[in-house]
Amino acid sequence: MNNAKMKYFEQEDILYLTISDEPEANSVEINPNITVEFNNSGELIGIEITNASVFIRDSILESTQGKILNLSSFIN
């Protein structure tokens, strides 16, 4: 995974993570915002996140809120 790269397309709000420069042979939409791409051997070569700014913001907020709620159960 030394070739991993990240590129953000601001106009389209798409974040693209490249794991390999190999050509794409197949892709699978795993949810409405995430599509994963595979090479001929079925290995992951890329991840595309649409509506990236909202998706990442919501993911961070959800994770942070979960940790805060978990932490507050230890404090009380």
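All values derive from a computational prediction rather than experimental measurement.

Let us now look at the overall build of the protein. Helix and strand counts for the protein come out as one helix and five strands. Each helix and strand of the protein, placed in order from N terminus to C terminus, yields the pattern β-β-β-β-β-α. Within the protein, the fraction of its 76 residues that count as buried is 22%. In the protein, 31% of the contacts between residues at least 6 apart in sequence involve partners at least 24 apart.

The strands making up a sheet associate through hydrogen bonds between their backbones, and the pairing can be parallel or antiparallel. Sheet architecture is open: five strands sit in the order S1-S2-S5-S4-S3, paired in antiparallel fashion. In this open sheet, the two edge strands, each paired with only one partner strand, are strand S1 (5-9) and strand S3 (26-31). For this sheet the average axis-to-axis angle between neighbouring strands, irrespective of direction, equals 15 degrees. Note that strand S2 (residues 14-18) and strand S5 (residues 44-50) share five bridges and pair antiparallel. Within the sheet, the bridge partner assigned to Leu17 lies in S5 and is Ile47.

Moving on to the environment of Phe9. Among the structural elements, Phe9 can be located in strand S1. Using a relative accessible area of 33% as the deciding quantity, one classes Phe9 as partly exposed. With 43 residues separating them in the primary sequence, Phe9 and Ala52 have C-alpha atoms 9.4 Å apart. Those residues in contact with Phe9 that lie beyond four places of it in its chain are Ile14 and Tyr16.

Here we come to the pattern of salt bridges. Summed over the entire model, instances satisfying the criterion amount to two salt bridges. Across the pair Lys5 and Asp21 runs a salt bridge, and its minimum N-O distance is 3.6 Å. Taken together, the residues Lys5 in strand S1 and Asp21 in the loop between S2 and S3 connect sequence positions 16 residues apart. A residue is classified by how much of its surface remains accessible, and Lys5, at 48% relative accessible area, is partly exposed. Where Arg57 meets Asp58, a salt bridge forms, and the shortest distance between an N and an O atom there is 2.8 Å.

Once that is clear, we can look at the pairing of S5. Side-chain positions along a regular strand alternate between the two faces of the sheet. Strand direction decides the pairing type here: strand S4 (residues 34-38) and S5, joined by five bridges, are antiparallel. The residue bridging Thr35 from the neighbouring strand is Glu48, located in S5. With antiparallel pairing between neighbouring strands as the criterion, S4 and S5 make up a hairpin whose turn holds five residues, including Gly42 at a positive phi of roughly 80 degrees.

Moving on: the nonpolar core. Counting residues in each nonpolar core, the largest one holds six residues, listed as Leu15, Ile34, Val36, Ile47, Ile49 and Ala52. When sequence neighbours within four positions are dropped, the list of residues in contact with Leu15 reads Met6, Lys7, Tyr8, Ile47, Glu48, Ile49, Ala52 and Ile56.

Calculation criteria
Residues numbered from 1 in each chain as written. Predicted model: local features only at pLDDT ≥ 70, side-chain atom pairs only at ≥ 80, totals over all residues. Heavy atoms only, no water. Helix = DSSP H or I, 4+ residues; strand = E, 2+ residues; numbered from the N terminus. Buried < 20%, exposed > 50% of the residue type's maximum accessible area, 1.4 Å probe, protein only. Contact = heavy atoms within 4.5 Å. Pairing = 2+ DSSP bridges. Axes fitted to C-alpha atoms, helices over the stretch in contact; angles between N-to-C directions. Salt bridge = Lys/Arg side-chain N within 4 Å of Asp/Glu carboxyl O. Core = buried A, V, L, I, M, F, W, Y, C linked by side-chain atoms within 4.5 Å.

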